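# Close look at the chain arrangement
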Amino acid sequence: GINAEYGYNALKFGTSSSDYIQFQPDMRPFSTALTVCAWIRKLRSASYPTWLSYATSSEGSEIKFTDNGKQFFMFGEESNLGSLYTVSPGTWYHNCLAWDTASQTRDVYINGVLVSSKATPSGRTLGQDGILILGNEQDSRGSGMDDVNKFAGEMYKLNVFSKKLTGAEIQELASERCSVVEEKYGDVRSIKWEDVLLKTRTGTVTEFGSGCDGAIIKHLQGTLQHTKEQLNQTLKELQQTKQEKEKCGSDLESKAEQHNTTKLELAETQSDLDNKVRQLNTSEAQKQTTMEELKKTKTDLNNTAITLNETQTELKQI
């Protein structure tokens, strides 16, 4: 249903040691860094109700988280955090574990407040063949669940991130149980609550309304409105692009007409130039002819002058 799809529902674990969820996730994204966060509501007044247990073939307590901090494990090393914070039964608390190899430190946050920070062995990475159990502790990989460690409480929004979130980021996650801030991490949120809800359950593990439906629906409505605004903006940009394309097309047609006109003008100019060249060639020929005629006339004039001189000489002798 819509609740399971969007993770509106929380999970209530029964009071038997056989009431839990067991699965083997792909832990490769968390080899060198992870942050595990969940909203936990303690209902059983016992010392060691365990809401998360991750065990590998070589380490039965790779990670273990009780609902009151009295027994916390990472890489097989136990810490009693019970004196660092107080848990009131029936109240939701935001629990987070953040670790990476770069800092060689694991940090535990309750309601966004750092309550414990401890060094982890240099070079130690998270085991990859482990089984994750929600609702009880496994003494060894996939076995050993018992009444002492049964959770029998309520859980909401368990998410595992493939990086060590900062204190500010964890504080944001813890600021409002009904927020959907987890979604902004995208693929970094490698194990998602909405997927956990679809896992096979053992015994009595039931979904119930988290009380966040209204807040999440409001968020989805806001997201829808934001998406609508983005679509409208995109439509405007597409219309503007279309107008610019049409203008470019018109400009290209105008340029093409100008180009054709210029081409015709160039052809006409070339023709005029050819005519001018022919005219110049004709004028040159006429000039050459005139020069030859002038030269002949000059020769004739010289001959006439010689004849006149001779005539004058003869006249003087008479």
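Shown above is the structure to which this text applies.
Residues numbered from 1 in each chain as written. Predicted model: local features only at pLDDT ≥ 70, side-chain atom pairs only at ≥ 80, totals over all residues. Heavy atoms only, no water.

### Notes on the packing of aromatic side chains
Put simply, the test is: Here the aromatic set is Phe, Tyr and Trp, taking the six-membered ring for Trp, and pairing holds for ring centres within 6.5 Å; pairs whose planes are under 30 degrees apart are stacked, those over 60 apart are edge-to-face, and all others are tilted.
Applying the stated criterion across every chain, the model contains 6 aromatic pairs. In textbook terms, an aromatic cluster arises when at least three aromatic residues are bridged by ring pairs, as seen for Trp51, Phe65 and Phe72.

### Describing the sheet that holds strand E7 (residues 77-79)
Strand pairing in a sheet takes place through backbone hydrogen bonds and is either antiparallel or parallel in direction. Stated formally: Note: two strands are recorded as paired if DSSP finds a minimum of 2 bridges between them. A run of DSSP states H or I qualifies as a helix once it reaches four residues; a run of E qualifies as a strand once it reaches two. Both are numbered from the N-terminal end.
The strand order E7-E6-E5-E4-E11-E2-E14 describes an open sheet built from 7 strands, whose pairing is antiparallel. Every other strand in the sheet has two partners, leaving E7 and strand E14 (201-202) as the edge strands with one partner each. Bridge count between strand E2 (residues 20-23) and strand E11 (residues 131-134): 3 bridges; the pairing is antiparallel. Paired with Gln22 across the strands is Ile133, a residue of E11.

### What about the side chain of Thr120?
The criterion, for reference: Here a polar contact is taken to be a pair of N or O atoms separated by no more than 3.5 Å, where protein atoms must pair a possible hydrogen donor with a possible acceptor and residues adjacent in sequence count only if both atoms sit in side chains. Only heavy atoms matter for contacts: two residues are in contact if any of them lie within 4.5 Å across the pair.
Position of Thr120 relative to the elements: it lies in the loop between strand E10 (113-119) and E11. Among the polar contacts listed, one links the side chain of Thr120 to the side chain of Trp99, at a separation of 3.4 Å. If we ignore the near neighbours within four places in the chain, the residues touching Thr120 are Phe75, Trp99, Gln104, Thr105 and Arg106.

### A short note on the state of the cysteines
The criterion, for reference: Defined by distance alone, a disulfide is two cysteine sulfur atoms within 2.5 Å.
Inspection of the entire model under this criterion finds 2 disulfides. Here Cys37 is linked by a disulfide to Cys96, with a sulfur-sulfur distance of 1.8 Å. Its S-S torsion of approximately 110 degrees makes the covalent link between Cys37 and Cys96 right-handed. Taken together, the positions of Cys37 in strand E3 (residues 33-41) and Cys96 in strand E8 (residues 92-100) put the pair 59 residues apart, joining distant regions of the chain. The disulfide partner of Cys178 is Cys212, and the gap between their sulfur atoms is 2.0 Å. Taking the torsion about the sulfur-sulfur bond, which here is approximately -70 degrees, the covalent link between Cys178 and Cys212 counts as left-handed. In this pair, Cys178 sits in the loop between helix H2 (167-174) and strand E13 (189-191) while Cys212 sits in the loop between strand E15 (205-209) and helix H4 (213-317), placing the two residues 34 residues apart along the sequence. If one numbers only the bonded cysteines of the protein, in the order they occur, the disulfide pattern is 1-2, 3-4.

### Side note on the environment of Glu237
To be explicit about the condition: Only protein chains enter the accessibility calculation, which uses a 1.4 Å probe; a residue whose area is less than 20% of its type maximum is buried, one above 50% is exposed, and one in between is partly exposed.
Assignment of secondary structure puts Glu237 in helix H4. Its relative accessible area of 42% is what places Glu237 among the partly exposed residues. Distance in space between the C-alpha atoms of Glu237 and His94 is 44 Å, their sequence separation being 143 residues.

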